[in-house]
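Observations on the three-dimensional arrangement
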Amino acid sequence: MALLNFKRSNAEPTTVNPDVEAFLKNYSIEVMPRTAEKVDDFRELLPAGTRVYIAHIEGTPIEEMVATASRLAKDGYKVMPHFPARIIKDENTLSDWISRYQGEADVKQALLLAGGVSVPHGAFDSSMQLLETGLFDKAGFERLHVAGHPEGNRDIDPDGSMKNVEEALVWKQKFSERTNAKMALATQFAFEAAPIIDWANALKANGIELPVHIGIAGPAKLQTLIKFAIACGVGPSLKVLQKRAMDVTKLLLPYEPTEVLTELSGHKAANPDFNIESVHFFPLGGIKTNANWAITHGGSSTVPAANA
């Protein structure tokens, strides 16, 4: 393992599952400006070169987003801010955001998504419309991620089907074939491995070759996870948490993603061509808690190039 620039926890286990360790290499993690402010030094928590998504929640000033991006970039992290289509007023606003990010943090990576807003603030309703502007290509973005939904999305398919989600994926696959930027699917989090594996396999069967960065909820109190899961529209795998909540011996214990990652990493080890490329953590129980869990389970980031 490469030498890293963070402190290991004293609680590090004596053995690390080699499949999980391999699966966690080059994991990414998400922060918000207000949560980033609580971290004195990211370099004590995250390996050098980690990709850090910056979530843009409605109402967050762009100045705070850019300042967070600048701080993380200076610390040596690959910064990937969210561009939520429905809170971007128009093409001029989008161009201004791109210019600010690049001017102050040399950002060349972005996650494009519709955004958790029911009524668009302006001209954009979807990530596809953002891509169609051509502004990211013009600005030389080297990596563009778009959203994936292993369990569907009721905002996109109110009838509970996967029809619109699947049509959007076909469009994104075709777009990826005509852009110079590397593309991938960054997914909503889920708690059960089998449906994730089935969904990922179905993507390939339907000609979707975009690599998957699977969303995983980091360690957190069970009540916290259930709240976020319901708010974010997590589907069938929510029953994993509900079943755990009915077990009084586990109710007060924090949830950890060990089981789902063990199953996914084992599948990846047995099937090297499996299209899940890496793990993306949602630190719902806190950045420090999530980062320390990753450290103790062998998580590292060894990508040498800034655009990897």
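Everything here concerns the structure above.
In this text, all values refer to a predicted model and were calculated from it rather than measured experimentally.

Parameters and conventions
- Residues numbered from 1 in each chain as written.
- Predicted model: local features only at pLDDT ≥ 70, side-chain atom pairs only at ≥ 80, totals over all residues.
- Heavy atoms only, no water.
- Helix = DSSP H or I, 4+ residues; strand = E, 2+ residues; numbered from the N terminus.
- Buried < 20%, exposed > 50% of the residue type's maximum accessible area, 1.4 Å probe, protein only.
- Contact = heavy atoms within 4.5 Å.
- Pairing = 2+ DSSP bridges.
- Axes fitted to C-alpha atoms, helices over the stretch in contact; angles between N-to-C directions.
- Phe/Tyr/Trp six-rings, centres within 6.5 Å; stacked < 30°, edge-to-face > 60°.
- Salt bridge = Lys/Arg side-chain N within 4 Å of Asp/Glu carboxyl O.
- Core = buried A, V, L, I, M, F, W, Y, C linked by side-chain atoms within 4.5 Å.
- Left-handed = near helix turned anticlockwise from the far one by under 90°.
- Nonpolar A, V, L, I, M, F, W, Y, C, P; charged D, E, K, R; others polar.
- Polar contact = N/O pair within 3.5 Å; in protein donor to acceptor, adjacent residues only side chain to side chain.

**Concerning the overall build of the protein**
- Per the secondary structure count, the protein includes 12 helices and 8 strands.
- For the protein, the proportion of its 308 residues judged to be buried stands at 48%.
- In the protein, the proportion of contacts linking residues at least 24 apart, taken out of those at least 6 apart, comes to 80%.

**Some thoughts on the sheet that holds strand 1 (residues 28–31)**
- In spatial order, the strands read 1-2-3-4-5-6-7-8; together these 8 strands close into a barrel with parallel pairing. Within the sheet, the average angular offset between the axes of one strand and its neighbour, ignoring direction, is 30 degrees.
- Sheet topology places strand 1 next to strand 2 (residues 51–54); 4 bridges connect them, and they run parallel. Residue pairing in the sheet places Ile-29 in a bridge with Val-52 of strand 2.

**With respect to the packing of aromatic side chains**
- Tallied over the full model, the rule gives 10 aromatic pairs.
- On the basis of an interplanar angle of 90 degrees and a centroid distance of 5.1 Å, the ring pair of Phe-83 and Phe-136 is categorised as edge-to-face. Note that Phe-83 is positioned in strand 3 (residues 78–84) and Phe-136 in helix 6 (residues 135–138), a separation of 53 residues in sequence. One exposure class covers both Phe-83 and Phe-136, and it is buried.
- Centre to centre, the rings of Phe-191 and Tyr-255 are 5.6 Å apart; their planes meet at 85 degrees, and the pair counts as edge-to-face. Of this pair, Phe-191 sits in the loop between strand 6 (182–189) and helix 8 (193–205) while Tyr-255 sits in the loop between helix 10 (238–245) and helix 11 (258–270), and the two are 64 residues apart along the sequence. Across this residue pair, the class does not change: Phe-191 and Tyr-255 are buried.
- Three or more aromatic residues link up through ring pairs in this structure, and these residues are Phe-83, Trp-97, Tyr-101, Phe-136 and Phe-141.

**A look at the pattern of salt bridges**
- Taken as a whole and assessed by the stated rule, the structure comprises 6 salt bridges.
- Between Arg-43 and Asp-75 there is a salt bridge whose closest N-O contact spans 3.8 Å. Of this pair, Arg-43 sits in the loop between helix 2 (33–36) and strand 2 while Asp-75 sits in the loop between helix 3 (62–74) and strand 3, and the two are 32 residues apart along the sequence.
- Ionic pairing is found between Arg-100 and Asp-96, a salt bridge with its closest N-O pair at 3.0 Å. Taken together, the residues span about one helical turn, with Arg-100 and Asp-96 both in helix 4 (residues 91–105) at a distance of 4 residues.
- Asp-96 sits in the partly exposed class, given a relative accessible area of 33%.
- One network of salt bridges, in which partners are shared, links Asp-41, Arg-43 and Asp-75.

**Focus: the nonpolar core**
- One finds Phe-83, Phe-136 and Phe-281 to be the most contacted residues of the largest nonpolar core, which totals 78 residues.
- Beyond its immediate chain neighbours, meaning those up to four positions away, Phe-281 contacts Leu-24, Tyr-27, Ser-28, Ile-29, Glu-30, Ile-216, Gly-218, Pro-257, Leu-261, Asn-290, Trp-293 and Ala-294.
- The next biggest cluster of nonpolar side chains, apart from the first, holds 6 residues, and it includes Tyr-53, Leu-111, Leu-113 and Ala-147.

**Regarding the packing of helix 8 against helix 11**
- One can describe the packing of helix 8 onto helix 11 by two numbers: an axis separation of 9 Å at closest approach and a directional angle of 35 degrees. Between helix 8 and helix 11 the crossing geometry is right-handed. Contacts from Ala-193, Ile-196, Ile-197 and Asn-201 of helix 8 reach helix 11 at Val-260, Glu-263, Leu-264 and His-267.
- In terms of residue class, the contact of helix 8 with helix 11 is built from 5 nonpolar, 2 polar and 1 charged.

**Quick word on unusual backbone geometry**
- You will see that Asn-26, though not glycine, has its phi angle at about 65 degrees, which is positive.
- Following the sequence through the fold, Asn-26 ends up in the loop between helix 1 (18–24) and strand 1.
- For Asn-26, a relative accessible area of 26% corresponds to the partly exposed category.
- Phi is positive for Asp-106, which is not a glycine, with a value near 50 degrees.

**Re the side chain of His-280**
- In this fold, His-280 is placed in strand 8 (residues 276–282).
- Polar side-chain contacts of His-280 include one of 2.7 Å to the side chain of Ser-28.
- For His-280, the residues in contact, after removing those within four places along its chain, are Ser-28, Ile-29, Glu-30, Tyr-53, His-213, Ile-214, Gly-215 and Ile-216.

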